[in-house]
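Below are the chains, spelled out letter by letter.
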Amino acid sequence: QVQLVESGGGLVQPGGSLRLSCAASGSGFSIEAMGWYRQAPGKQRELVARIINGRSTLYADSVKGRFTISRENARNTVYLQMNSLKPEDTAVYYCNINWSILNRGDTSWGQGTQVTVSS
């Protein structure tokens, strides 16, 4: 019922920057939290950053000081600004939203966007 569309991935050299975008579409829902997760081949999906109720933010230790999550409430869009990228950041990045309709909560995932950091 709530769909997510991601964009912004690509190939970048170490030290470079990318900005990921994720737009949520639908109606009649309220957003509890939006966030970004990533998954590298052979590894589990891990939390990168999350913004709760449009105010509180949470970051993985590995990205603190380099990544910034933000939300544009009017467009139900969440961004992930990634600076000082490292090869270890290479992964498929997935947008996630925790949402609710009529007091029933659910979760939606984006399709994923590839981020490759390589020289």
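A short tour of the structure in this document, coming up. (Residues numbered from 1 in each chain as written. Predicted model: local features only at pLDDT ≥ 70, side-chain atom pairs only at ≥ 80, totals over all residues. Heavy atoms only, no water.)

**What about the nonpolar core?**
Looking at soluble globular proteins, one finds that nonpolar side chains tend to be buried together.
Part 1 of the argument: If you look at the biggest cluster of nonpolar residues, it comprises 32 residues, and the most contacted ones within it are Trp36, Leu80, Met82, Tyr93 and Ile97.
Part 2 of the argument: For this core, the secondary-structure elements that each account for two or more residues are strand E3 (18–25), strand E4 (30–39), strand E5 (46–52), strand E7 (67–72), strand E8 (77–82), strand E9 (91–101) and strand E11 (113–117). (Core = buried A, V, L, I, M, F, W, Y, C linked by side-chain atoms within 4.5 Å. Buried < 20%, exposed > 50% of the residue type's maximum accessible area, 1.4 Å probe, protein only. Helix = DSSP H or I, 4+ residues; strand = E, 2+ residues; numbered from the N terminus.)

**Comments concerning the pairing of strand E6 (residues 56–59)**
Part 1 of the argument: Taken together, the four bridges between E5 and E6 define a ladder with antiparallel strand orientation. If you follow Arg50 over to E6, its bridge partner there is Leu58.
Part 2 of the argument: In sequence, E5 turns back onto E6 through a hairpin of three residues, with Asn53 there showing a positive phi of about 55°. (Pairing = 2+ DSSP bridges.)

**Details of the state of the cysteines**
Part 1 of the argument: Applying the stated criterion across every chain, the model contains one disulfide.
Part 2 of the argument: Across the disulfide, Cys22 is cross-linked to Cys95 (sulfur-sulfur distance 2.1 Å). Note on the Cys22 and Cys95 pair: the S-S dihedral is about -85°, so by sign convention the disulfide is left-handed. One end of the pair, Cys22, is in strand E3; the other, Cys95, is in strand E9, and 73 residues separate them in sequence.
Part 3 of the argument: Overall, the relative accessible area of 0% leaves Cys22 in the buried class. (Disulfide = S-S within 2.5 Å.)

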